[in-house]
Amino acid sequence: MTDTTAPDALDSAIAVIGMSGRFPGAPDLDTYWKNLLGGVTSITDFTEEELLADGADPDEIRGRDYVPSKGVLADADRFEAALFGFNRTEAAALDPQHRLLLQTAWSALEDAGHDPLGAPRRTGVYVGGGVTEHMLAAQTDPRLAAQIGALQVRILTDREFLAPWISYRLGLDGPSLTVQTACSTSLTAIHLACQALLLGDCDTALAGGVAVDTVRSRGYVHYQGGVFSSDGRCRPFDEASGGTVPGNGVGVVVLRRLADALADGDPVRAVIRGSAVTNDGAARVGFTAPGVDQQTAAIVEAWTTAGLDPADAQYLEAHGTATELGDRIEATAATAAFKGALGTGSIGLGSVKANIGHLDAAAGVAGVIKTVLMLEHAVIAPTAGAGRPHPELALDDSPFHVVTEAEDWPEPEYGRRRAGVSSVGIGGTNVHVVLEQAPSRPRDTGSSGPEVLLLSAHTEDALKALAGRLATALRAPDAPTLADTAHTLRFGRAPLAVRAYVLAADREEAAIRLGELATGRPASAPAAADDLRAIGEAWLRDEKLPWPRRGRRISLPTYPFGGESYGQLGLGTAPAAREQAPQEQAPQEQASQEQASQEPRSQAPEAGAGLDTSVRALLAETLGLDDGDLSMTYFAAGGDSLAAVHLVGCLRDDFGIDVPLTLFLEELTLDELARRIVEAREPDDALDALLSEFENA
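Let me begin by describing the structure that accompanies this report. This structure is a prediction, so every number in the text was calculated from the model and none was measured.

### Describing the overall build of the chain
Here's step 1: Assigned secondary structure in the chain consists of 24 helices and 21 strands.
Here's step 2: Considering only intrachain contacts with a sequence separation of at least 6, the fraction spanning at least 24 residues in the chain is 79%.
Here's step 3: Total accessible area on the chain stands at roughly 28600 Å², and carbon and sulfur atoms take up 51% of it.

As structure tokens, this is what we get:
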């Protein structure tokens, strides 16, 4: 046994200071933890009516081998578009994975006590996602390309832009990498983020993944000998195992070097002591099959990097797909890696896929977040629906026991609570991460006097929801101090347009005032709080605030995202066309796209009021302005440089108007912009009229 917790042994340690996720049956991490602790299986079984109502193929779903089950992510089609600077047209085109990942990255930074729009300098992004129906449909839709431009369609839908969109919309200036290693994508992203922090490429990093193949109700077809379960349930390492079940989800963690996090007072939730990645190469029976040796190597290398022995683990969160080949190889590899454990069955074994299904690119981060929550609560969650271990896995003679009931996880005599998390990707990429409980953080004993709590949101409804969440948090048994709460709300949240403040002398009073705000009533205030009231009033006026720094960053309820439903684009092309790369469109698709682009040109008016109306309609359509309100500026309406390039091209091709791109960069209302565009055509119109006059003379 080893215990290298001395400061010099922690130079390579990475702190998890924030995290956020949405998983089947769990819109937030509090619900996720409750489901994990209760062994809840959050797989949805659809009725035939639900599937048909959502556009499923009747012949397919009535087939003998169709399984109407999936790990569903509720409200995956909703998005706070305006908060992230997207107009309605862009938001509808934006892939659901991009939408969800943007919101989850925002929440993860808030959980870390950092303003999402004022994150630390040199913050990197390392994320990945899967292929989606929306992306395939968008990139083969000629009308959408004609409306906003083919390049804009690709940028809004292709998964290679998942990381850059986060960096752009949140103003993060560190490395921005979209990672793809199939099922091990998000754990590979976490490994790469840790390496970047240790190498000094960045000082803070967001890492994780998303998987939303469709927001529609869909099951899958079971094939004998395939990877999917015949009954819609995933039972890792179980006697009744028969394959995995697909699921949707998203998760992001915020990482910093441990020394920096401790020095800056970040709320450390867990520590990554080491990580490693390997590939099976050709040492496997097929491209999609896993290999034993390199899975073992990934585990051993990760624990060696941590300066620890695999025997120091008390739990292993396995990849655990419940497939016959996958579970057998993983059990063999893990048994070899953890062979020095204290005794047979001393290490707990589980896989979150039993709860939520296989989240593909988000599977690894789902396991990491689960393990961090277990370390925090000192409880090992059960494997949902676990029965007898599969006899062919020989777990009875291994260091492992499948966790069937919640187990207390006390701090070991020889060290800290520690666990490993494994992920395996089709293509052979194996990843293992070593997690350790966070160092204890002394409870704040600072000021306990009156405080002003500053709140802001994008809408009135969101402000009320946020106030309600904060009220609940301050009533909890382990509620934070009022000073820490006030400090985090002041420095760890973006200052948005809709604002309010609450004055309170203690947590109980704060919860009452916040509850009043949540129900739409004005929050009452203590009489003797004039100095704090002055701060609150300055906050409402968006003035600079005199703020005493007497608190710490803590984890508080994050922004209550809602937004309207933007759905996803439908698939109107044949299966063969769907499989083509976007840049390799069939000739008939290219012709169709050109025809769609030509249609508005043939209808373009030549001059006068008709031209003005058409230009205004083009601006409104491109920017998604349903009511045609052109009183705002181009950028306030969600315009950007790509949309401007598209508009310049449309104006030239459809109306014969040449305007400089710089016109869209000026601080003009859209009304004035439309007027200037029409004026750019007027000299030609005057000449045409003069020529016509001579011809008719």
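### Side note on the sheet that holds strand β7 (residues 176-178)
Here's step 1: Strand order in the open sheet formed by 11 strands is β7-β6-β8-β10-β1-β11-β18-β17-β12-β13-β15, with mixed pairing between adjacent strands. Taken across any chain shown, the strands that pair with only one partner, and hence form the sheet edges, are β7 and β15 (400-402). For this sheet, the mean angle separating the axes of adjacent strands, direction not counted, is 25 degrees.
Here's step 2: Pairing of strand β12 (residues 315-317) with strand β17 (residues 418-424) involves 3 bridges; the strand directions are parallel. Bridge pairing in β17 places Leu316 opposite Gly420.

### Looking at unusual backbone geometry
Here's step 1: Positive phi, close to 55 degrees, is recorded for Asp75, a residue that is not glycine.
Here's step 2: The topology assignment puts Asp75 in the loop between β4 (69-70) and β5 (78-79).

### Examining the pairing of strand β11 (residues 270-279)
Here's step 1: With 8 of its 10 residues buried, β11 lies for the most part within the structure.
Here's step 2: Pairing geometry for strand β1 (residues 14-22) and β11, over 3 bridges, is antiparallel. From the neighbouring strand, Ala15 faces β11, where its bridge partner is Val271.
Here's step 3: Here 9 bridges tie β11 to strand β18 (residues 429-437), and the two strands are oriented antiparallel to one another. Paired with Ile272 across the two strands is Leu435, which belongs to β18.

### As for the pairing of strand β8 (residues 204-211)
Here's step 1: Among the 8 residues in β8, 8 count as buried, and that is most of the element.
Here's step 2: As defined by bridge partners, strand β6 (residues 123-128) adjoins β8 across 6 bridges and the pair is classed as parallel. Within β8, the residue paired with Thr123 across the bridge is Thr204.
Here's step 3: Taken together, the 8 bridges between β8 and strand β10 (residues 249-257) define a ladder with antiparallel strand orientation. By the bridge assignment, Gly208 is partnered in β10 with Val252.

About the criteria used
Residues numbered from 1 in each chain as written. Predicted model: local features only at pLDDT ≥ 70, side-chain atom pairs only at ≥ 80, totals over all residues. Heavy atoms only, no water. Helix = DSSP H or I, 4+ residues; strand = E, 2+ residues; numbered from the N terminus. Contact = heavy atoms within 4.5 Å. Areas by Shrake-Rupley, 256 points an atom, 1.4 Å probe, with all protein chains shown as cover. Pairing = 2+ DSSP bridges. Axes fitted to C-alpha atoms, helices over the stretch in contact; angles between N-to-C directions. Buried < 20%, exposed > 50% of the residue type's maximum accessible area, 1.4 Å probe, protein only.

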